[in-house]
Structures are given as C-alpha cells and as structure tokens.
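Architecture at a glance
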Amino acid sequence: MAHGPSENFFSRWLFSTNHKDIGTLYLWFSFAMFLLGGAFAMVIRAELFQPGMQLIKPEFFNQMTTMHGLVMVFGAIMPAFVGLANWMIPMMIGAPDMALPRMNNLSFWILPFAFAILVSTLFMEGGGPNFGWTFYAPLSTTYAPDTVNYFIFGVHIMGASSIMGSINIIATVMNMRAPGMTYMKMPLFVWTWVITAFLLVAVMPVLAGAVTMMLMDINFGTSFFDAAGGGDPVLFQHVFWFFGHPEVYIIILPAFGVVSQIIPTFSRKPLFGYSSMVYATASIAFLSFIVWAHHMFTVGMPIAGELYFMYATMLIAVPTGVKVFNWVTTMYKGALTFETPMLFSIAFVILFTFGGFTGMMLSIAAADTQYHDTYFVVAHFHYVMVAGAVFSGTAAVYYWLPKWCGRMYDETMGKLQFWIAFIAFNITFMPQHFLGLAGMPRRYSDYGLQFADWNMVSSIGAFMYGGAQLLFLYNVIRTIGWGKPIDDPQVWEGAEGLEWTLPTPAPFHTFSTPPIVK
Amino acid sequence: MSKRARALFLGLLSPAILSLFAGGASAEDAGWNLNMPRGVTEVSQAAYDIHMIMIWVCTVIGVLVFGFMFYIMFAHRKSRGVTAANFHENLTVEILWTIVPALILIVMAVPATTALLKVYDTENPDIDIKVTGYQWKWQYEYIGEGVKFMSELRTSQDEQYGRAPKGEHYLREVTQPLVIPANKKVRFLITGNDVIHSWWVPDFAVKRDAIPGLFTAAWAKTDQTGVYVGACTELCGKDHSRMPVVVEVKEEAEYDAWLAGKKEEAVIYQSTIGKEWTNDELMAKGEAVYAVSCAGCHQSAGQGIPGVFPALVGSSIVTGPVEGHIGILINGVAGSAMQSFADQLSEVDIAAVIHYKRNSWGNDMGDMVQPVDVLNYKQNQ
Amino acid sequence: MNNSITHRSVVIKSLFGVVVMFMFAIFVLPPLYDLFCEITGIGGKTGDVYTATEITVDTSREVEVQFIATNNATMPWDFYPVEHKVMVHPGESKEIVFYARNRTGADMVGQAIPNVLPNNAADYFLKTECFCFNNQPLAAGEEADLAVVFIIDPDLPASVNTVTLSYTIFDITDRVPMQVSQVQ
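The rules behind each value
- Residues numbered from 1 in each chain as written.
- Chains lettered and ligands numbered in written order.
- Predicted model: local features only at pLDDT ≥ 70, side-chain atom pairs only at ≥ 80, totals over all residues.
- Helix = DSSP H or I, 4+ residues; strand = E, 2+ residues; numbered from the N terminus.
- Buried ≥ 20, exposed ≤ 12 C-beta atoms within 10 Å, placed from the backbone.
- Contact = placed C-beta atoms within 7 Å.
- Rg over C-alpha atoms; globule rule 2.2 N^0.38 Å.
- Nonpolar A, V, L, I, M, F, W, Y, C, P; charged D, E, K, R; others polar.
- Core = buried A, V, L, I, M, F, W, Y, C linked by C-beta atoms within 7 Å.
- Pairing = 2+ DSSP bridges.
- Axes fitted to C-alpha atoms, helices over the stretch in contact; angles between N-to-C directions.
- Parallel < 35°, antiparallel > 145°, perpendicular 65-115°, else oblique.
- Left-handed = near helix turned anticlockwise from the far one by under 90°.
- pLDDT = per-residue confidence, 0-100.
- Expected span 1.5 Å × (residues − 1).

Once that is clear, we can look at the overall build of chain C. Of the regular secondary structure elements, chain C holds 2 helices and 9 strands. In sequence order, the secondary structure elements of chain C are arranged as α-β-β-β-β-β-β-β-β-β-α. Expressed as a percentage of its 184 residues, the buried residues of chain C come to 39%. When contacts within chain C are restricted to residue pairs at least 6 apart in sequence, long-range pairs at least 24 apart make up 74% of them.

Attention now moves to the overall build of chain A. When you go through chain A residue by residue, the secondary structure sums to 15 helices and 2 strands. Its C-alpha radius of gyration of 23 Å places chain A within 12% of the 24 Å reference for a compact globule of 518 residues. In terms of overall dimensions, chain A has C-alpha extents of about 65 × 45 × 45 Å along its principal axes. Counting only contacts in chain A whose residues sit at least 6 apart along the sequence, the fraction spanning at least 24 positions is 82%.

On to the interface of chain B and chain A. Listed per partner, the contact involves 84 residues of chain B and 87 residues of chain A. Those elements that provide at least two residues to the side of chain B that touches chain A are helix H1 (2-24), helix H2 (42-75), helix H3 (91-119) and strand E7 (206-210) of chain B. At 13 residues, the largest contribution of residues to the side of chain B that touches chain A is made by H2 of chain B. Considering only residue class, the side of chain B that touches chain A consists of 47 nonpolar, 24 polar and 13 charged.

A separate point is the nonpolar core. Inside soluble globular proteins, nonpolar side chains tend to come together where they are buried. Ranked by size, the top nonpolar core spans 304 residues in total, and within it Ile77, Ala210 and Ala366 of chain A carry the most contacts. Beyond its immediate sequence surroundings of up to four residues, Ala210 of chain A is in contact with Phe236, Val239, Phe240 and Phe243 of chain A together with Ala25 of chain C. The next biggest cluster of nonpolar side chains, apart from the first, holds 23 residues, and it includes Phe341, Leu345, Ile354 and Tyr377 of chain B.

All right, on to the sheet that holds strand E4 (residues 93-102) of chain C then. Residues and elements named next belong to chain C. As summarised here, the arrangement of the 4 strands in space is E2-E4-E8-E6, forming an open sheet in which the pairing is antiparallel. The sheet terminates laterally at strand E2 (77-81) and strand E6 (125-130), the two strands that pair on one side only. The sheet shows a mean angle of 25° between the axes of neighbouring strands, taken without regard to direction. Here 5 bridges tie E6 to strand E8 (residues 143-152), and the two strands are oriented antiparallel to one another. Residue pairing across strands places Glu129 opposite Val149, the latter belonging to E8.

Before going further, it helps to spend a moment on the packing of helix H7 (residues 233-267) of chain A against helix H13 (residues 375-405) of chain A. All names here are of chain A. Between H7 and H13, whose axes approach to 9 Å, the crossing angle comes to 45°. Classified by the interaxial angle, the pair formed by H7 and H13 is oblique. Here H7 runs over H13; the crossing is left-handed. Contact residues: Ile251, Ile252, Ala255, Val258, Val259 and Ile262 in H7; Val384, Met385, Gly388, Ala389, Ser392, Ala395, Ala396 and Tyr399 in H13. Grouping the amino acids of the contact of H7 with H13 by side-chain chemistry returns 12 nonpolar, 2 polar and no charged.

Another point: the pairing of strand E10 (residues 245-250) of chain B. Where strand E4 (residues 178-181) of chain B meets E10 of chain B, 4 bridges bridge the pair, whose relative direction is parallel. Residue pairing across strands places Leu178 of chain B opposite Val247 of chain B, the latter belonging to E10 of chain B.

What follows concerns the sheet that holds strand E8 (residues 216-220) of chain B. All names here are of chain B. With mixed pairing, 5 strands are arranged side by side in an open sheet as E3-E2-E1-E5-E8. Looking at the sheet topology across the chains shown, the edges are occupied by strand E3 (147-151) and E8. Here the average twist between neighbouring strands, direction ignored, is 25°. Across 5 bridges, the pairing between strand E2 (residues 137-142) and E3 is antiparallel. Looking at the pairing, Trp138 lines up with Ser151 of E3.

Moving on, we get to the confidence of the model for chain A. Per-chain confidence: chain A averages 93 in pLDDT, with 99% of residues scoring 70 or above. When mean pLDDT is compared element by element in chain A, helix H2 (residues 19-47) of chain A scores highest at 96, while helix H1 (residues 9-14) of chain A scores lowest at 86.

The partner chain A presents 29 residues to the 26 residues of chain C that form the contact. Sorting the residues of the side of chain C that touches chain A by element identifies helix H1 (2-40), strand E5 (108-117) and helix H2 (176-182) of chain C as the ones contributing at least two each. A per-element tally of the side of chain C that touches chain A places H1 of chain C first, with 16 residues. The residue inventory of the side of chain C that touches chain A, partitioned by class, reads 15 nonpolar, 10 polar and 1 charged.

We now examine the environment of Glu496 of chain A. All names here are of chain A. Here Glu496 is to be found in the segment after strand E2 (484-485). Among the residues examined, Glu496 registers 16 C-beta atoms within 10 Å and is labelled partly exposed. In this structure, the C-alpha to C-alpha distance between Glu496 and Ile44, residues 452 residues apart in sequence, is 43 Å.

We now examine the packing of helix H11 (residues 340-363) of chain A against H2 of chain B. It is the contact of H11 of chain A with H2 of chain B, at a shortest axis distance of 10 Å, that shows an interaxial angle of 155°. As far as their axial angle goes, H2 of chain B and H11 of chain A are roughly antiparallel. Relative to H2 of chain B, the crossing made by H11 of chain A is right-handed. Together, Ile350, Phe357, Met360 and Met361 of chain A of H11 of chain A and His51, Met54, Cys58, Gly62 and Phe66 of chain B of H2 of chain B make up the contact between the two elements.

Here we come to helix H5 (residues 252-273) of chain B. Each full turn of the α-helix corresponds to 3.6 residues, which orients residues three or four apart in the same direction. The terminal C-alpha atoms of H5 of chain B, which comprises 22 residues, lie 32 Å apart, in line with the 32 Å expected from a rise of 1.5 Å per residue. Across the 22 residues of H5 of chain B, 0 count as buried, placing the element largely on the outside.

Residues and elements named next belong to chain A. Structurally, Gly52 is set in the loop between H2 and helix H3 (58-93). Judged by the 18 C-beta atoms lying within 10 Å of it, Gly52 is partly exposed. Considering only alpha carbons, one finds Gly52 and Asp446, 394 residues apart in sequence, at a separation of 5.7 Å.

Here helix H8 (residues 274-287) of chain A spans 20 Å end to end across 14 residues, near enough to the 20 Å set by a 1.5 Å rise per residue. Every buried residue of H8 of chain A is listed here: Tyr274, Ser276, Met277, Ala280, Thr281, Ile284 and Ala285 of chain A. Buried residues belonging to H8 of chain A abut helix H6 (188-219), H7 and helix H10 (317-331) of chain A together with H3 of chain B.

This part covers the confidence of the model for chain C. All names here are of chain C. Confidence in the prediction of chain C, expressed as mean pLDDT, is 81, and 85% of residues score 70 or more. Low pLDDT (under 50) marks residues 178-184, which in the prediction has 4 contacts with non-local residues, meaning those over four places away or in another chain. Reported for the predicted complex are a pTM of 0.89 and an ipTM of 0.91.

By the element assignment, Thr513 of chain A lies in the segment after E2. In this structure Thr513 of chain A comes out as exposed when scored by C-beta crowding, with 8 C-beta atoms within 10 Å.

Ala137 of chain A connects to Pro138 of chain A through a cis peptide bond whose omega is 0°. As for its position among the elements, Pro138 of chain A is in the loop between helix H4 (101-120) and helix H5 (148-175). Note that the residue after Thr504 of chain A, namely Pro505 of chain A, is joined by a cis bond; omega there is -5°. Tracing the backbone through its elements, the reader meets Pro505 of chain A in the segment after E2. Positive phi values are uncommon outside glycine, yet Leu171 of chain B reaches one of about 60°. Among the residues examined, Leu171 of chain B registers 26 C-beta atoms within 10 Å and is labelled buried.

Here you go:
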C-alpha cells in the first residue's frame, strides 16, 4: 500500500499507524514535556536563587521537585528515545514499519492522558505528589495527599505505554530485519534499544507492582510498607530501586546507541570494537539488576549486604569504561569534523564520563555516607541524565532531522545552541557538586547562608540552560519550515547504514520491499 | 581554525580543570566551599581519605583519556587534510582496557572496605543516645539517664519569609542542641516517629535513616569540642529543610554538669505546674511556644494554609470547649501532621500555647488555661 | 501472514514476562525480603516464639541488655521499660517488664514491633514469651505490665557485649478487624 498520509489532520495524527508519524508524535510530546519539566526546574531554581522563601511555599516546592523528576524521566527522556526508535529502527533494519502498528498508536496516545492526570493534581485540593520522584513510603502512603491515587493511576498508564512500546520494538527487531541483517550487523542504536526494551519489559511491571502495593496500603488496609501491620517501609525502597536502577540504564542505553552512530559518521571511520560495545551494553544491563541497594547505603543494612552492593556497583565501571575507550578510539586516526551533532556527542562522552567518575565515588559506601541525598548526588545524576541522555537526544535530532524533513538546519545556530547549552550546563551543575560536599541536602526548599553563593551561580546557569532549549525549539521549527532543502540521500559525508540509502526526505513508506544486506 | 580548536579544547577541558580545583582547595572559605569537610572523628577522616583517593584516581584517568581525546581532536581533523584510517578492532587493546580498570577497582576496594568496617564498629559505647525524627524536629533521649528533649528550629518565620533580616545562623540554630562529651564513644540509636528522616552530622560522617518501627545505629568519638551542624537528608515533608541537627561537644566535666542540670530542671519544673499563672505570663510563654512548634504549619497569624493545614482563627476547636482543645494537643490527629504533643511539650507549654491561641488574632475566648488543667486532663482522660 | 504469527508469539511471551515480573514484585519480593531480614537480623525480625531447649548457662560471660521504648506517631499511651537495662549470662532465662497505660478515654489496641541491635545479635536473642507476639488491647485508662522472657544464646558472637532491645508501639485500633484475618 503505497499511499501517502491522510489529508485530514485529525485522522492523520490521531489514528496514525505509520512509524514515522508516531515517532514524530513521540518527539513533539517529549519536547513539550521537556519544556514543562524545565519550567518546574526554573521554579525550583528561582526559589533557590537566594536563601529564604521568596516565591513559593515549601509544600509547593516539594511538588515541584517531584513533578520535575517524574515529568523529565517518564515524560521527556523516555518518550524521546521511543520516538527516535520509532523513526529509526525500521529504517535501520530495512523494515517497512513497526511490527505492531495499531499497538504503536495506542502506546503513544495513552501517554498524554497519563500526564494530564498527573499534572492536573497540581490544581487539586491538597496539591500534587509531594514525596519526591522516588516516593518513599510512608511519606507517599500514610502521609500522602489524597491525590496520590491519581499519581498511582498515572504511573500505571505510563508503565503500560512503555511496556507496549518495548514489546513492539522487540517484535520489530526479532522478526522484521531485512534479509542478511544478522543481529551482529545491526547498528548499535538498534542493539542498545533491544536491550533497553528487555529491561523495560522486566522492570516496568515491578514499578507497577510497587504502586499497586501502595494503592492497597492506602485504600484497602494491607500493610506491605507499614510497620504497624508487620510490613516494612524499607521493603518499598528495595522494590522501588529494583525497578529504579535498571530504569536509569533504560534512559542512558539508547543514548549510548545514538552516540555510537554519530561519532563514526563524523570521524569517517567505522565504530571501533562493535562487538565489545554490544557485550558491554548487555553486561551493563545485567549488572543493573544486582546493584539496586547502592541507593540505600544509609538505611542500616548489614555490613555484608553493603559490601556486596559496593563491589557490584564498582564493577559497572568496567563495561562503561570499555564504551568510552571505544568511542575515543573510533575518533583516533579518523578525519574529524565538528558539526552540531558531533559537538553534542563529544560533550556527551566527556560529561557523561565525568558523571561516571562521581558515580564511582558514590559507590564507595563509606564515602557515600557523606554524599548520600546531598546536592552531590543531584549533580551526579544530572551529569548522566542531562549531559548524557538530553545531549545525546539533541545530537540525534540534529543528526537525523535533515533526513526526516529534507531540510538542513542552520549550522551556526546549532553551534550557538551547543555552546550556550554546554557552558550553561556546567555553570548549573558543577557548583552543585561543591554544594553537596559542603553539606547541602537535596530537596531543600531553603538553606543556610553558607550555601548562598553557589546556589546563585547554579540558578543563573539554569536560566541560561533553559534559554538554550528555546533556541533549540526555534532551530527545529526554522529548519522544518524554512531550512535549506537537500536531497542527498547520504546527508552526511561519513554516514553509513540503510537509513542513508533512502531518499531525503524519507518518504512516508520506506522499504516496502526489503533491501538485501550483504 | 586553530583559534577555534583552542577554544574548543579549553571549553571541553573545563570540567577536568574544575575537578582538580575541587581536589586541591581548602574547605575553610565559608561561601565558596568546594570540598567535603575532613571532620573530627575517625570515621569522617576515613571517609574523607577515601573520597580524596577517588578524586585523584578519577582525575588521573580523566586527564589521560581526555588528554588523548583532545590530541585526537586537534591532530586528526579533516581540515588538516588527514584521511581516515579504516581499522575497527584490536583484541589486545580491548582486553587490556577491560582488565586494567578491573585491577584498579580491586586495589581501590581495599581502602573502601576498611573505611566501611570503621563505620560499622558500633560495639562497646560509653553513652547511648536515642535519636527520633519527627515531622519536623529531632528528639534526643539519653538512655538510662531519664533526660529527653526536643530539638527544634529556632529561626523565626519572619526571617524565613524575608520580613526580618536573616541572622548569622539562619536555619542552623535549634532550641536545644544535642550535647555529648569529648573523648567518649557515643552510640546513636536512630529511629523515626512518622515518616523516614535521616540524621546527618557531616563532621562525624554519621548519616543514618530514621525509619519508623526500625532502629539503626551509628557512632562518634571525637576529641575536638565545639558545635557541629548537620541536617535531615531524607525528604520528610514540607519542612524537610527546617530541622537542622546541632551537636555540641563539651569537655567531660562540663558535660556531666550539663546533664546534672538537665535532671535538676525536671525537678524544678514539677513545682511550677501547680502554680497559678497570670494572663500575661501565659500569653508571653504561649507566643514563644507557638512560634517554634505551631507556626510552621498553622502560620504566624493562625491563618493556616487552605486545604493543607487548618486555620486556627475562628476554628471550632480553638473556639470550642477547653477540654477539646487540650485533647487535640495531647492526642494529635492520627495520619496527619498534627502530632501528639504530650511527650514533646511540657504541661506549662501546652497550657500557655492553648491560652495564647484562644486569645489571639481575633479569637477572644477570655478563659484561662492553667498547667494543672493539662495535667488533670492527661491523668483523667 | 507468517510475520503476524511470529509477532503474536513475541507479544504473548513478552506479556507473560510482564505478568511474571508483576507477580514477582507483589508476591515474591515481600516474602523474600522478610527472609533476607530474618537471615541478616535487620529489624530484629526473628520474632517467632522460641521454645526452650536445654541450653547450658555460660556463667563466665555477662552481657548487658538494654531496653528502649518508642511511641509511633500519635500513639497516646504511656509506654516504657520498668528497668532500662539488665546484666545476663548467656543461656539464662530472664523476665523483664514494660509498663503501658492507655491515657485516653477510648478503648485502644496497640502493637509493639521489636528491634534488636546490633543486627548480628538478633539471631541470638531468643524470646520465649513476648507481648509483641500479639496485639495489645487496653481499655480506656487501663494500665498493664507487659512481660518479655528471653534467653541470650551462648553462641552470641564474642564481639557483642551490649544488646539493645527496643519496642516501637503503634496504634492499630482502626485496623484490628483487618488484623484478625492477617494473624499468621
């Protein structure tokens, strides 16, 4: 069926089963959520600009930190990578579409409802969720606002969406590869996504289980997490982090995939150590299941448990190191150019590794006693989440946008965005290391005068970083509407892979007859 | 081109430079603090040492890897006319960079393990102190001594909301600090009353979660007298940032005198319960208690926060019978932030604050509430 | 068509995995965690009745046992140990008493949750009788002496000289009907 998209706007987007349209929906949705979560972050940083409560009340501050975390993790980063997967995986493996197009439509369209429910709690009596994105019991059960039930409902829907998306990706990759596209020939982005999809299928149900147990404790008198009835609040943390640790790799693995596509292109040289990259990704995914309690070094675990989780966590440095060395060696003896996607990817490698270093420091249980739940941790995970996931997502958009819409972005504007984002990011989050080491705990709506200076620096950086995102939005819209038209299928001189054999812009239906991969 | 290269180089190198900076700077400078305090206990010094080892190991690895990367970015630029090589694997190198980091990690596991063993060495304490986290204050109980008190934030609402200049110890001052003797091994038994809190004193490297229904232990022993300020580090609700930990380390003799004084206070206090208090005395005392224990939720003029914390102005409890008002302070409201103040405030404090609430902000009950009424209520309810 | 059959098999397998993981989280992780606690002694969850067998008393050694009481949340009872510590020989059976009084004008039910510190002593703290095994009803104004009979196992690690037994008492009045069906 080689017809184009529906002429009717509503039937095209609402009932779409086309992987490219659904990918586009995911990407725009995630960007909207990114701006919303960013707006929450701006509120947080504005309040923390100076000591004292200037703009908002402490209870609203807690809702802001919670919603910032939830919206960024589940609304911005995860859907962004699902959007990229939708667009790119069929084109990379030579498939005409995703395996389950109608489920694909459903898995996207339930997301806006999940977030509408979640965000609407902010306007309800008692306010939105205020217990942090980790929602530890009993703050999120016995002591939660009544809106917690909406939160639980929202999390269930997001989970269902992610699970459906993952099953779709698994089915597509397992069954729809073009003839000759063996597993070990798949682009690394596809590999990292398959592994991510397996992680999602394994741990999203655990999150669903955790919120279900919460729901029962709150409404049906069970006591999974209530010590009075023989439960244990610490059990919640174990269940949550059994989901939560794989979750952070769910966020970062596709980012690894993106960077592994971009660096070879602009080095004009094949990816170094392809198979070791695949094995490293798989071992990171495996390790993610056996290190969860390193988020809980201060709950008073027995020393044997603490030692085990410390050693296991330190091990993650090995496969992660392999990846970094591979990227650097890919660049070695290449012919490098520094277009915007490459700049973001190089910044990714450096800043992600920096976040990895602080991660290793955090794994040392005795030192973690000092770091735990301070701004040092906040700085650490923003180095891996923002400079990791968000930078690579931005790189991916600049890298593939010309292929998607047949227009070239403005290189100067792209570079301008990169430099503002890069500098602002470091101004925002580097001082947070110092704040944490000096003793400022996270999720604080107010702080002592000794933290005032670095907080102000951090807030200024955050506003700049927020501005850089508006520039990004402008660049994307300008490219789609008024960018210089191109029709070179290759787009980038060094690009390799099936997606670059397709015409530019990529037509609505591609690979209706599968290509033969040699 | 080469100018751009240099700018790129410096820009990308900045995190590495800053991390060096973080490692080398002294921690004394108040506002621009960069590093973890070394602290005053064996455990905190062990934590600091392993922290510094990690920083240096990471810095060396970072400088090597990124130094190489920057060299590549300079030397292998297309604009310099290079052509790309085509190699994409080298088994020896790949095995080497798997094994070498693993070996480094094994070496680092040794000091990491010894440091952790120190953290867990809670045996044979000289003094046991029970620390209980409440929303949003700490209770300290000297086990076996019969001394127990609440430690609450002393910073006023006016300072927090910009209606008064912030004092030097903004958010770092409490009504009564925890006092411990120098040169004695003090064991902290930490638990929570409502939600999970976490008791942290950076200078002791003591951070343990305060979990309701569960006890965790930590210890400290120091020869340095002084005042050490810490914080609650587990999100526990709206005033999470307003329950500082303040510990005062005193010489042993001073500590003994302090403890004896505390015990005496309790005896003297008993005699004040029976006394008839005047309106002015009750109002003055009540206002002070209100500011510390009530204003955080019910707000400084009793207006509350709609939908979250009820207003006291014109409230049915405040303008109802005295017994009901005493009852809610003594028993609290289960499952809400309204705690039972029976063990947190003295009878005098409870009587005074009730009297204050009933006769302020337009509430005009005109009745008198005496400590002995509270005592009777407690005994006969 | 061939494809749609293989798709279905992937979907079914994946959904099976999803259901298994969900069940795992709700039905396997909590008991697994309890087991883990029991093995490692977290939270002193060794709480089952110990039926005394012959234990030889080790008179060469004395262990200090401390007692702590905590009221959870708004629990309005007076609740404290009558003695705050005792010295015992390992193997010797000892009875101690916690005093409790319901200060309120309503009948209430409390539940005490025990904890033993240090963690590695929990396995060696044997309770032959304890008020914590059952919930504790007290009528309005009623007071009670709640007894615990315990034995310190002579195998207690030599490094442990002080054992701390603590009870946190919770108000479970509202959940008692539920509690009946949950008694193990």
